[in-house]
Amino acid sequence: MSRKTLGGIVALVGAILIVAGLVLMLVIVPGMKRFPDDVDTTRTYSGTMPVLLNPATFEFMTDLDVDLTRHFRTEAVDGDVALVFEEQVLLAGGEPLQRLVKHYAIDRKTMEVSDAYPEEWASKEGFWPREGLVLGWPIDTEKKDYTGWSDDYRATVTLAFAGEVKHDRAGITTYYFTASSPAQPIHPDAVAAMGLPNALPKEQFAELIQGANVSDALKNMIPVLLDQWEEDTIPLQYYYEYEGEYWIEPETGVLIDTRKHELRKVGLGEEFLQIAPLLANMSEEQRAASRVTVFDLTYQATDESVQDAKKDAEDAANQIELFGTTIPVVAIIIGALLIVVGGVLVLSKAPTVE
């Protein structure tokens, strides 16, 4: 084989390596930056519950130490949209107190809920129209506010960027977000999903009030009002308020840690309040004071969960670094060297024999 032919082959291989490196860096790796099709992850949280109303027995449970597990997995993908299953289980002493199942259709790149999904997905348990972020933050999270979603309100909420901080337990730099809301009415569909009644028989309602932490004046007033109410059941209205903190690894969007306080209360339905001028004319502060706490939960990710999330973030970042920088750069450098060597071989003259 002549030098010129060999040089041409070497230069061609070099050019192929450069093109391959550029394709990997600019085309393939950006396509990798999306929610995987094989996610199967469980996060654990520990917390306390000063008050929980058992919806089955309508008895108050108090001062509980609880565990919360959040398991989610990819059930199906359709291009850039994924169907994600999530199961949340609240336990006390190993016994389940509450179980919620949800399904989301999310854009695999933005992590926001998508409305471009196969029709059959809508029949899944816990699937309903949503907006914004529901599971986590996108890859390459930015220093800005994001739109999240509250299933209690059936409405969007703001996830406010609050700074770049080092997470002590994980030992890594994170973006810190917060979210909160004062008490707002819970959507009736959310009430049904939690197994709570929209109305109670008079006697059961009276027992609920007598066992609740409300003023004596309200307890004394309720029997009189019940006599005036002609219906057999008392309409109820539920309210939800919360404060949440979230620590995000920005390069991968992995949720490293969560701390949240959730408070749900039940109050009298508006139509019942109207039968008594004193109740109808109460200020919002007075109405809030008359509501009964049925769910009071404060929880945070366990140390094990934080370390698992950190490892997931590191593994994902390493993959992006390997395929997005290391391999392409090495391929481009080697390719450039081969082109130079090939060029030298092509242009050099074969030695003459005298």
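Look a little higher up for the structure.
Notes on the structure follow. (Residues numbered from 1 in each chain as written. Predicted model: local features only at pLDDT ≥ 70, side-chain atom pairs only at ≥ 80, totals over all residues. Heavy atoms only, no water.)

Quick look at the nonpolar core now. Met-49, Val-84, Ile-106, Trp-137, Phe-205, Tyr-246 and Ile-256 are the most contacted members of the largest nonpolar core, which has 69 residues in total. With 7 residues, strand E9 (residues 233-249) is the single largest residue contributor to this core. Aside from chain neighbours lying at most four places away, what touches Ile-256 is His-167, Ala-170, Ile-172, Thr-174, Trp-247, Ile-248, Glu-249, Val-306, Ala-309, Lys-310 and Ala-313. In this structure, Val-81, Leu-83, Ala-105 and Trp-121 belong to the second largest nonpolar core, which totals 5 residues. (Core = buried A, V, L, I, M, F, W, Y, C linked by side-chain atoms within 4.5 Å. Buried < 20%, exposed > 50% of the residue type's maximum accessible area, 1.4 Å probe, protein only. Helix = DSSP H or I, 4+ residues; strand = E, 2+ residues; numbered from the N terminus. Contact = heavy atoms within 4.5 Å.)

Inspection of the secondary structure assignment puts Asp-151 in the loop between strand E5 (146-150) and strand E6 (155-167). At a separation of 2.8 Å, a polar atom in the side chain of Asp-151 contacts the side chain of Trp-149. Non-local contacts of Asp-151, meaning those with residues more than four positions away in its chain, are made with Lys-102, Trp-128, Arg-130 and Ala-190. (Polar contact = N/O pair within 3.5 Å; in protein donor to acceptor, adjacent residues only side chain to side chain.)

So, about the packing of aromatic side chains. According to the stated counting rule, one finds 10 aromatic pairs in the structure shown. When the centroid spacing of 5.5 Å and the interplanar angle of 80° are considered together, the rings of Tyr-45 and Tyr-299 count as edge-to-face. Of the two residues, Tyr-45 sits in strand E1 (residues 40-53) while Tyr-299 sits in strand E11 (residues 292-301), which places them 254 residues apart along the sequence. The burial state of Tyr-45 is the same as that of Tyr-299; both residues are buried. Following the ring pairs from residue to residue traces out a cluster consisting of Trp-137, Tyr-146, Phe-161, Tyr-175, Phe-177 and Tyr-246. Directly above the aromatic system of Tyr-242 lies the positively charged group of Lys-260, at a separation of 5.1 Å from the ring centroid. Just above the ring of Tyr-239 sits the side chain of Arg-291; from NZ or CZ to the centre is 3.5 Å. (Phe/Tyr/Trp six-rings, centres within 6.5 Å; stacked < 30°, edge-to-face > 60°. Lys NZ or Arg CZ within 6 Å of the ring centre and 35° of its normal.)

With that settled, the discussion passes to the pattern of salt bridges. Throughout the structure, instances matching the rule amount to 14 salt bridges. As a salt-bridge pair, Arg-264 and Glu-262 come within 3.3 Å of each other at their nearest N and O atoms. For the pair Arg-264 and Glu-262, one class covers both residues: buried. (Salt bridge = Lys/Arg side-chain N within 4 Å of Asp/Glu carboxyl O.)

Counting along an α-helix, one turn takes 3.6 residues, and residues three or four places apart therefore face a common direction. Roughly 30° is the biggest bend found in helix H4 (residues 216-228), and it falls at Ile-222, with proline Pro-223 one to four residues downstream. Those residues of H4 lying buried are Leu-218, Lys-219, Ile-222, Leu-225 and Leu-226. (Bend = angle between axes of the 7 residues up to and from the residue.)

Within this structure, the stated rule accounts for 1 cavity of 30 Å³ or more. The volume enclosed by the largest cavity comes to roughly 70 Å³. Phe-205, Leu-208, Ile-209, Leu-218, Leu-236, Val-266, Gly-267, Leu-268, Ser-290 and Val-292 are the residues that line the largest cavity. Breaking the lining of the largest cavity down by element, the ones donating at least two residues are helix H3 (202-210) and strand E10 (254-268). (1 Å grid on protein atoms, 1.4 Å probe; cavity = no way out; pocket = protein on both sides within 12 Å on 5 of 7 lines; lining within 4 Å. Points joined across faces, edges and corners; volume = space filled by probe spheres on them.)

Bringing unusual backbone geometry into the picture now. Positioned with a positive phi, Met-111 is a non-glycine residue whose angle comes to about 70°. Within the secondary structure layout, Met-111 lies in the loop between strand E4 (95-107) and E5. The class of Met-111 is buried, set by a relative accessible area of 8%. Residues other than glycine seldom take positive phi values, yet Arg-154 does so here, at roughly 55°. When you line up the elements, Arg-154 lands in the loop between E5 and E6.

With that settled, consider the pairing of E5. Burial within E5 is extensive, with 4 of its 5 residues counted as buried. Sheet analysis places E5 next to E6, joined by 5 bridges and oriented antiparallel. When the bridges of E6 are listed, Thr-147 appears paired with Thr-158. (Pairing = 2+ DSSP bridges.)

So, on to H3. Residues Phe-205, Leu-208 and Ile-209 constitute the buried set of H3. The buried residues of H3 occupy an angular sector of 95° when the element is viewed end-on, so they sit on one face. Those residues of H3 that are exposed and aimed more than 90 degrees away from the buried face are Glu-203 and Glu-207. (Arc of directions from axis to C-beta.)

This next bit is on the packing of H3 against H4. Taken N-terminus to C-terminus, the directions of H3 and H4 make an angle of 170°; their axes are 10 Å apart at the nearest point. Comparing their axes, H4 and H3 come out roughly antiparallel. Contact residues: H3 offers Lys-202, Phe-205, Ala-206, Ile-209 and Gln-210, while H4 offers Lys-219, Ile-222 and Leu-226. Here the contact of H3 with H4 is composed, by residue class, of 5 nonpolar, 1 polar and 2 charged. (Axes fitted to C-alpha atoms, helices over the stretch in contact; angles between N-to-C directions. Parallel < 35°, antiparallel > 145°, perpendicular 65-115°, else oblique. Nonpolar A, V, L, I, M, F, W, Y, C, P; charged D, E, K, R; others polar.)

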